[in-house]
Amino acid sequence: MATNGDQQATPKPPPSPSPLRNAKFFQANMRILVTGGAGFIGSHLVDKLMENEKNEVIVADNYFTGSKDNLKKWIGHPRFELIRHDVTEPLLIEVDQIYHLACPASPIFYKYNPVKTIKTNVIGTLNMLGLAKRVGARILLTSTSEVYGDPLIHPQTESYWGNVNPIGVRSCYDEGKRVAETLMFDYHRQHGIEIRIARIFNTYGPRMNIDDGRVVSNFIAQALRDDPLTVQAPGTQTRSFCYVSDMVDGLIRLMQGDNTGPINIGNPGEFTMIELAENVKELINPKVEIIMVENTPDDPRQRKPDVTKAKELLGWEPKVKLRDGLPLMEDDFRTRLGVPKNK
Ligand SMILES: NC(=O)c1ccc[n+]([C@@H]2O[C@H](COP(=O)([O-])OP(=O)(O)OC[C@H]3O[C@@H](n4cnc5c(N)ncnc54)[C@H](O)[C@@H]3O)[C@@H](O)[C@H]2O)c1
Ligand SMILES: O=C(O)[C@H]1O[C@H](OP(=O)(O)OP(=O)(O)OC[C@H]2O[C@@H](n3ccc(=O)[nH]c3=O)[C@H](O)[C@@H]2O)[C@H](O)[C@@H](O)[C@@H]1O
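For the protein, the name recorded in an unreviewed UniProt entry is UDP-glucuronate decarboxylase, with Prunus avium as its organism. Reading the Cofactor (unreviewed entry) entry of the UniProt record for the protein gives the comment "NAD(+)". As recorded by UniProt, the Subcellular location (unreviewed entry) comment attached to the protein reads in full: "Cytoplasm".

Take a look at the structure:
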């Protein structure tokens, strides 16, 4: 049974898994659903899961911010299946594990249609929990450090309840994820569903959308296009950046372990946005200009994960430092933008 120090109530036992799970076929194969698997983190997760020959991977994605391109090496593979599906609609399939990532993650995309973002977080998570309940699957939610809002404690521990504006322009995302976490725990307590919650902190790496709007992808694309790096004022706000391979490793450990979470997964190395811009300039294009531009409302002023729980409970800690991860992302952006190294 999963453990979670904060929970007093004894959860009900999980529902019986599908009878198919006991079939000979299932002992040799784990069927894994990845919602949002055509996106940035999701597609790297799929790559890692597909390395295990005992895994069958099913991706459900509506391609709002993801792309089939991210999965092209798996399309047609006998252990892989790709479904165009919006998680706000029910999905009837048989699986053993669900990694539930589907949700636009960049502020420009989640603010584009905020009502849809809330539906994705609330109705989408309800649907995936309903699926988990019907087939007895274990489900992992990719929650976010944004549940801490503009945090008043630093670094953020999982026991912190957050400082979130419930009616702001970011609320569709951060309040949406908070409700999704609540739903996960209510299904766990009420129906005995096996749940896992990861609170992901800013993650970067190859395959981020070039015009994604998030800061690392913006700065790298700007540096490669000789455009000024746009630091949003005041530039002293901080973030902690985790390379995507570390993130995928943390998510898989969480899914396979015995702890419900929530568990912070992120890299505690903390940078101001000015420092990030200076690093990108030094590593990628020393001639590029850095300019200050207007910020958006409710931008959190500081963010850094306390990863003690991840270290103790998952034996996980990030390995890739920002200055090593940025060049790996640069190579991918150069290829996609068609900018050779020594232009
Ligand atoms: N990247 C980060 O820094 C970060 C930080 C915290 C949490 N997260 C969470 O991790 C998950 C993945 O983030 P990402 O950075 O890979 O973002 P992404 O935008 O690249 O991927 C999200 C995927 O979900 C799909 N999607 C969106 N709405 C959907 C819907 N209604 N039905 C089906 N598919 C839908 C998109 O098409 C896309 O493929 C998200 O849940 C996000 O909230 C990411
Ligand atoms: O890690 C998280 O929990 C969340 O982090 C991000 O949200 P945010 O931190 O606002 O990410 P960015 O949009 O990349 O912004 C980071 C900082 O960079 C600044 N920024 C952004 C873009 C830019 O061009 N310049 C710039 O200075 C922003 O003002 C902000 O302070 C992600 O977009 C969310 O999906 C995720 O859930």
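Once the structure has been displayed, the description carries forward.
> Would you mind going over the UniProt feature "domain: NAD(P)-binding" (unreviewed entry) in the protein with me for this structure?
Taking the UniProt record as the reference, the feature "domain: NAD(P)-binding" (unreviewed entry) is found at residues 33–327. Across residues 33–327, the secondary structure splits into 36% helix and 18% strand, with the terminal C-alpha atoms separated by 31 Å.

> How do you make sense of the environment of proline 234 when you look at a structure like this?
Mapped onto the elements, proline 234 comes out in the loop between strand 8 (229–232) and strand 9 (238–240). A tally of 13 C-beta atoms within 10 Å means that proline 234 is categorised as partly exposed.

> How do you make sense of the site of ligand 2 when you look at a structure like this?
The environment of ligand 2 is formed by 20 residues, the closest being Ala105, Thr144, Arg214, Val215 and Gln232. Contributions of two or more residues to the shell around ligand 2 are made by helix 6 (215–224) and strand 8. At 3 residues, the largest contribution of residues to the shell around ligand 2 is made by strand 8. For the shell around ligand 2, the residue count by class is 7 nonpolar, 9 polar and 4 charged. Three or more residues apiece are contributed to the shell around ligand 2 by two domains, here domain 1 (24–204 + 242–265) and domain 2 (215–239 + 269–302 + 320–337).

> Which parts of the structure should I look at to understand the environment of leucine 82?
Secondary-structure assignment places leucine 82 in strand 3 (residues 80–84). Separated by 175 residues in the primary sequence, leucine 82 and glycine 257 have C-alpha atoms spaced 27 Å apart.

> Mind showing me how you'd approach the site of ligand 1 here?
Taken together, 28 residues form the shell around ligand 1, and within it Gly36, Gly39, Thr65, Gly66 and Ala105 come nearest. For the shell around ligand 1, the secondary structure elements donating two or more residues are helix 2 (40–50), helix 4 (114–135) and strand 5 (138–144). Counting residues per element, the shell around ligand 1 draws most heavily on helix 2, which supplies 3 residues. Taken together, the residues of the shell around ligand 1 sort by class into 12 nonpolar, 14 polar and 2 charged.

> Hey, could you run me through the sheet that holds strand 11 (residues 263–265) in this one?
Read across the open sheet, the 7 strands follow the order 3-2-1-4-5-6-11; overall the sheet is parallel. A strand with exactly one partner marks an edge of an open sheet, and here the two such strands are strand 3 and strand 11. Direction aside, the axes of adjacent strands within the sheet are offset by 20° on average. In this sheet, strand 4 (residues 97–100) lies alongside strand 1 (residues 30–35) in parallel orientation, the contact comprising 4 bridges. When the sheet's bridge partners are listed, valine 34 is paired in strand 4 with tyrosine 99. Where helix 7 (residues 244–256) meets the sheet, it contacts strand 4, strand 5, strand 6 (195–200) and strand 11, and its direction lies at approximately 160° from that of strand 6.

The rules behind these values
As a convention, each chain's residues are numbered from 1 in the sequence order in which they are written. Whichever chain is written first becomes A and whichever ligand is written first becomes 1, with later ones labelled in order. Given that this is a predicted model, residues contribute local features only at a pLDDT of at least 70 and side-chain atom pairs are listed and counted only at 80 or more, while totals for whole chains, interfaces and linings are drawn from all residues. UniProt positions are given in the numbering used here, feature names are shortened, and annotations may be inferred rather than shown by experiment. Helix numbers and strand numbers start at the N terminus; a helix is a DSSP run of H or I with at least 4 residues, a strand a run of E with at least 2. Every C-beta atom is placed from the backbone, and the number of other C-beta atoms within 10 Å of a residue's own sets its class: buried at 20 or more, exposed at 12 or fewer, partly exposed in between. As used in this record, a residue near a molecule or strand is one whose C-beta atom, placed from the backbone, is within 6 Å of it. Here the nonpolar group is Ala, Val, Leu, Ile, Met, Phe, Trp, Tyr, Cys and Pro; Asp, Glu, Lys and Arg are the charged ones; every other residue, Gly included, is treated as polar. The start and end points of each domain follow an automatic or database-based domain assignment. Strand pairing follows a simple DSSP-based rule, namely that at least 2 bridges must link the two strands. Note on method: axes are straight lines fitted to C-alpha atoms, helices fitted across the in-contact stretch only, with angles between N-to-C directions ranging 0 to 180 degrees. Residues are scored as being in contact if the C-beta atoms we place from backbone atoms lie within 7 Å.

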